[in-house]
Amino acid sequence: MSSDNFKDLWNQQSTPAPDVKDFLGKAMQLKKKLRNKIILLNLLLIATAVFITGIVIYFHPQMITTKLGVLLIITGIVTFLVSNNRISKDLFKKNMDYSTKEYLDQFIRLKQKQEFIQKTMLNLYFILLTTGIILYMYEYASRMTTAGALTTYGVTLAWIALNWFYFRPQAIKKQLSKMNEIIGMLENANRNLEA
Amino acid sequence: MTFEEIYQAYWQKVFRICMGYVNDVDWAKDISQETFITVWQKLPEFRNESAIGTWIFRIASNQCLRQLEKQKRMPKSELPEQLEEKPENPNELQISFLYKCIAELNEIDRIIISLELEDIKQAEIATIVGISESNVRVKIHRIKEKLTEKFKQHEQR
């Protein structure tokens, strides 16, 4: 088998190109879908903020701790949504026309950064949410009997502890193993490039 | 060049490159489509018309590499309609063997040999991939040796 034969065989593989009008229709649809997704996400963010502000206004909190708690909870939710918003992924698409080598380098760097951000963001989210809830509850718990307040805090803290010690490590572990697998494959491809 | 002209001129080439990378018709069509979506999105900013081929092949190669992120595609067994297709081309078996052999190479080699078989100059391949021309030449030589060896073994069976 000579290399001309390879070329000959190679060129016999063909598939009819989908109609360009169909293709453009699909591309437009995709663009619209992406835009709708961004709009929806922003609406969700606004709705969350409005809802929590509504609660604050409705219940007339007196203490600064309650307001601070609400603020922290909102910050936590916003942080989480934004970090999950695949901002980096969209940024990444801009450099689709790099050479393979540049693209791979950038791909690896991005994945490593993403790995760090995911872990940090998840921790930050939990810390903000936990502190926020504890502060928020203080005003209402202080009006309860001691036993009532202890129970309320006990149950809440137990739930938070379960999340922190069980669900959080699990989520991080899952993310990490997936990410490490991808980074491993990318680094391998990079080595093949140099070899 | 308008998008329509680019699409007509390059669809087949891009499809074959993607096919060399994944050896799965539907998957290759998907990657080709993603490639042309990027081309469509970025064409208004593209200025260097003389190197449009290089530009498109870079996007196609990178779209192929991106598949590393989504390796868990449905297994081919879930696509029964493809198995029923009767080979129309008498060389069908050899063609599919070639694509199978290429898909077994490492990611970088798959991209390089696909570009080479697409009759792209080695200097251009070097620009697309981002390695030196001599490195491209060495790699192509090695890959072709590997493929020839595989075909030899295949014919002996």
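Because the structure is predicted, anything quoted here is derived from the model rather than measured.

Trainee: For this particular structure, what's the right way to read the overall build of chain B?
Mentor: Within chain B, the regular secondary structure consists of eight helices and zero strands. In chain B, the order of α-helices and β-strands from amino to carboxyl end is α-α-α-α-α-α-α-α. In chain B, which comprises 157 residues, the share counted as buried stands at 36%. Across chain B, every contact between residues at least 6 apart in sequence was considered, and the portion connecting residues at least 24 apart equals 66%.

Trainee: Help me understand the interface of chain B and chain A in this model?
Mentor: Interfaces are frequently sized by the accessible area removed from exposure as the parts join. With 44 residues of chain B at the contact, the number on the chain A side is 30 residues. For the side of chain B that touches chain A, the secondary structure elements donating two or more residues are α1 (3-22), α2 (25-42), α3 (52-66), α5 (92-103), α6 (107-117), α7 (122-129) and α8 (133-156) of chain B. Class assignment of the residues belonging to the side of chain B that touches chain A gives a composition of 23 nonpolar, 11 polar and 10 charged.

Trainee: Would you mind showing me how to read the nonpolar core here?
Mentor: Soluble globular proteins tend to pack their nonpolar side chains together in the buried interior. Residues and elements named next belong to chain B. Membership of the largest hydrophobic core comes to 50 residues, with the highest contact counts inside it found for Val14, Cys18, Ile56, Ala60 and Ile112. Among the elements that line this core, the one with the most residues is α1, at 10 residues. Leave out the neighbours within four places in its chain, and alanine 60 touches Val14, Ile17, Cys18 and Thr35.

Trainee: Teacher, can you tell me more about the environment of glutamate 107 of chain B here?
Mentor: Residue placement: glutamate 107 of chain B occurs in helix α6. For glutamate 107 of chain B, a count of 22 C-beta atoms within 10 Å translates into the label buried. In the structure, glutamate 107 of chain B is positioned 46 residues away from serine 61 of chain B in sequence and 9.7 Å away in space, judged by C-alpha atoms. When near neighbours in sequence (up to four residues on either side) are disregarded, glutamate 107 of chain B contacts Ala189 and Asn192 of chain A together with Leu65 of chain B.

Trainee: Could you clarify how one ought to interpret the environment of leucine 104 of chain A in this entry?
Mentor: With respect to the helices and strands, the residue leucine 104 of chain A is situated in helix α5 (residues 100-142). Overall, the presence of 24 C-beta atoms within 10 Å leaves leucine 104 of chain A in the buried class. The spatial distance from the C-alpha of leucine 104 of chain A to the C-alpha of phenylalanine 23 of chain A is 28 Å, given a sequence separation of 81 residues. Setting aside chain neighbours within four positions, we find leucine 104 of chain A in contact with Leu186, Ala189, Asn190 and Leu193 of chain A together with Leu65 of chain B.

Trainee: Where do I start with the packing of α1 of chain B against α2 of chain B in this structure?
Mentor: A pair of packed helices can be characterised by two numbers: the angle between their axes and the separation between those axes. Residue and element names in this part refer to chain B. α2 packs onto α1 with a crossing angle of 140° between their chain directions and a minimal axis gap of 8 Å. Classed by the angle they form, the pair α1 and α2 counts as oblique. As for the relative orientation of α1 and α2, their crossing is right-handed in sense. Contacts from Phe3, Ile6, Tyr7, Trp11, Val14, Phe15, Cys18, Met19 and Val22 of α1 reach α2 at Trp27, Ala28, Lys29, Ile31, Ser32, Thr35, Phe36, Val39 and Trp40.

Trainee: Explain helix α3 (residues 64-83) of chain A to me, please; I cannot follow it from the model alone.
Mentor: Helical geometry note: an α-helix holds 3.6 residues per turn, so side chains three or four residues apart project in the same direction. Residue and element names in this part refer to chain A. When the terminal C-alpha atoms of α3 are compared, their 28 Å separation across 20 residues agrees well with the 28 Å that a helix rising 1.5 Å per residue should span. When we look at burial in α3, the residues that qualify are Thr66, Gly69, Leu72, Ile73 and Gly76. The arc enclosing the buried residues of α3, seen along the axis, measures out at 125°, which places them on a common side. The exposed set on the far side of α3, more than 90 degrees from its buried face, consists of Ile64 and Val82.

Trainee: Would you take a moment to explain the confidence of the model for chain B for this structure?
Mentor: Fine structural detail should not be taken from predicted coordinates in areas where pLDDT scores are low. All names here are of chain B. Here chain B averages 86 in pLDDT, and 89% of its residues register 70 or above. Here residues 74-84 is modelled with pLDDT under 50, and outside its nearest four sequence neighbours on either side it reaches three contacts, counting other chains as well. Our summary of model confidence lists the complex with pTM equal to 0.77 and ipTM equal to 0.80.

Trainee: Sorry, what's going on with the confidence of the model for chain A here?
Mentor: On average, residues of chain A score 83 in pLDDT, and 93% of them reach the 70 mark or higher. Ranking the helices and strands of chain A by mean pLDDT puts helix α6 (residues 146-194) of chain A first, with 88, and helix α4 (residues 87-93) of chain A last, with 54.

Trainee: Honestly, unusual backbone geometry in this entry has me stumped. Any pointers?
Mentor: Glycine aside, a negative phi is what most residues show, and trans is what most peptide bonds show. Residues and elements named next belong to chain B. Although it is not a glycine, asparagine 23 sits at a positive phi angle of roughly 50°. Within the fold, asparagine 23 resides in the loop between α1 and α2. Of note in the backbone geometry, aspartate 119 takes a positive phi value of approximately 70° without being a glycine. Residue placement: aspartate 119 occurs in the loop between α6 and α7. Here aspartate 119 falls in the exposed class, since 10 other C-beta atoms lie within 10 Å of it.

Conventions used here
Residues numbered from 1 in each chain as written. Chains lettered and ligands numbered in written order. Predicted model: local features only at pLDDT ≥ 70, side-chain atom pairs only at ≥ 80, totals over all residues. Helix = DSSP H or I, 4+ residues; strand = E, 2+ residues; numbered from the N terminus. Buried ≥ 20, exposed ≤ 12 C-beta atoms within 10 Å, placed from the backbone. Contact = placed C-beta atoms within 7 Å. Nonpolar A, V, L, I, M, F, W, Y, C, P; charged D, E, K, R; others polar. Core = buried A, V, L, I, M, F, W, Y, C linked by C-beta atoms within 7 Å. Axes fitted to C-alpha atoms, helices over the stretch in contact; angles between N-to-C directions. Parallel < 35°, antiparallel > 145°, perpendicular 65-115°, else oblique. Left-handed = near helix turned anticlockwise from the far one by under 90°. Expected span 1.5 Å × (residues − 1). Arc of directions from axis to C-beta. pLDDT = per-residue confidence, 0-100.

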